[in-house]
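Residue-level structure breakdown
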Amino acid sequence: MTEISTCFKTGCVLFNPALSSCRNRLNASREVAPVSLPNCRLIKGIEAGSEDIDILPNGLAFISSGLKYPGLKSFAPDKPGEIFLLDLNEDNPRAVELRISRGFDLASFNPHGISTYVDKDDTVYLFVVNHPHLKSTVELFKFVEDDNSLVHLKTIRHDLLTSVNDVVAMGPDSFYATNDHYFSDFILMFLEMFLGLTWSNVVYYSPKEVKEVASGFYSANGINISPDKKYIYVADILDHNVYVMEKHANWSLTHVKTLQLDTLVDNLSIDPHTGDIWTGCHPNGMKLFYYDPENLPASEVLRIQNILSEEPVVTRVYSDNGSVLQGSSVASIYGRKLLIGTVFHRALYCDL
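From a predicted model like this one, the values you see are computed outputs, not experimental measurements.

**Brief notes about unusual backbone geometry**
- Phi at Asn148 takes a positive value of approximately 50 degrees, unusual for a residue other than glycine.
- Here Asn148 lies in the loop between strand 9 (137-144) and strand 10 (149-156).
- Taking relative accessible area as the criterion, Asn148 reaches 28% and is therefore assigned partly exposed.
- The backbone phi angle of Asn306 is positive, close to 55 degrees, even though this residue is not glycine.
- The residue Asn306 is located in the loop between strand 21 (299-305) and strand 22 (313-320) in this model.
- Given the relative accessible area of 52%, Asn306 is considered exposed.

Right under this line is the structure:
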């Protein structure tokens, strides 16, 4: 058991008056009823996580795998992270590991959130949140489809990118990023969460300008953009909600509304045709941070329709008690096909 897992268990059990709020933020008592989908199968070759997924318009899906994160389980703690590619146009898609160009430090590769950007000349850029030696960088790659490879273009570091969780690309070298904690030291991260400090934020990065554009989150996690490019969506995993932010010409954001949910919302994916938000969630965060093979972390997928309306429709599309899929973190669709990823476990492919 890691030190931060010990902190979560002992802190949330022993210390008052923060006990109640800590347990509430982790949904420590919640259980979910199963919701199954037809024709689901685990993807062969993905054994140590599929934390984030981004699907190109042509059906090629990028998958980040092998995340090592303080307090969370890893089934391959000594193996470097990987980026997989899945072609969803195939009847039985298989995961192919993408080769990364020479000169990049593969040994410390620890990928987290990802985002793609397709330029006017059809060049595909892949942004990858990386935690080498538990630090935070954003790695920029160019995808070469002909030989299933990634060419590393640059490593982005900045004082405002302290504890990056996810990114959404705005251009070939610009993005919004979430910092899920103010601190990067894992003991201080625990105290930040346990005390309920709302010091997490969203940062805009470009080579010409870097600035904080939103703040006041318990733990800003997944981030994405509406199909019309007018709104940014941010998941606050410890506040169980999704923020809708209006994007302005100067890249600043203003709060429009907040959708409250009853689960720990992780990454956000957008259906480019309908604008629906699909999200992988953690029904019970205590099970995620305090891993027990006899009481596995569950998985849950929500579909959010018409989030800008007065009455958004939230549908639980899939849920499992951990017997099939542990710790779902992302759900992405392509046509009638659904990919569900996890923080440290497998990946599931389903027909809708």
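**Overview of the UniProt feature "binding site: Ca(2+)" (unreviewed entry) in the chain**
- In this numbering, the UniProt entry assigns the feature "binding site: Ca(2+)" (unreviewed entry) to Glu51, Asp52, Ile114, Asn165, Asp166, Asn221, Asp266 and Asn267. Across 217 residues in sequence, these annotated residues keep their C-alpha atoms within 13.0 Å of one another, forming a single compact spot. None of the other annotated residues line the largest cavity; only Glu51, Asn165, Asn221 and Asp266 do.
- Inspection of the secondary structure puts Ile114 in strand 7 (residues 111-118).
- Judged by its relative accessible area of 4%, Ile114 is buried.
- When neighbours within four sequence positions are excluded, Ile114 is seen to be in contact with Asp52, Ile53, Asp54, Phe62, Ile63, Ser64, Leu126, Phe127, Val128, Asp166 and Val167.
- As for its position among the elements, Asn221 is in strand 15 (residues 220-225).
- With near-sequence residues (within four places) excluded, Asn221 lies in contact with Asn165, Asp166, Thr178, Ala235, Ile237, Val265, Asp266 and Asn267.

**Examining helix 3 (residues 186-194)**
- Every buried residue of helix 3 is listed here: Met189, Phe190, Glu192, Met193 and Phe194.
- Backbone nitrogen of Ile187 and a side-chain oxygen of the N-cap are separated by 3.1 Å at the start of helix 3; the cap is Asp185.
- Phi turns positive one or two residues past the end of helix 3, at Gly196, with a value near 70 degrees.

Thresholds applied
Residues numbered from 1 in each chain as written. Predicted model: local features only at pLDDT ≥ 70, side-chain atom pairs only at ≥ 80, totals over all residues. Heavy atoms only, no water. Helix = DSSP H or I, 4+ residues; strand = E, 2+ residues; numbered from the N terminus. Buried < 20%, exposed > 50% of the residue type's maximum accessible area, 1.4 Å probe, protein only. UniProt positions renumbered as here; feature names shortened; annotations may be inferred. 1 Å grid on protein atoms, 1.4 Å probe; cavity = no way out; pocket = protein on both sides within 12 Å on 5 of 7 lines; lining within 4 Å. Contact = heavy atoms within 4.5 Å. Polar contact = N/O pair within 3.5 Å; in protein donor to acceptor, adjacent residues only side chain to side chain.

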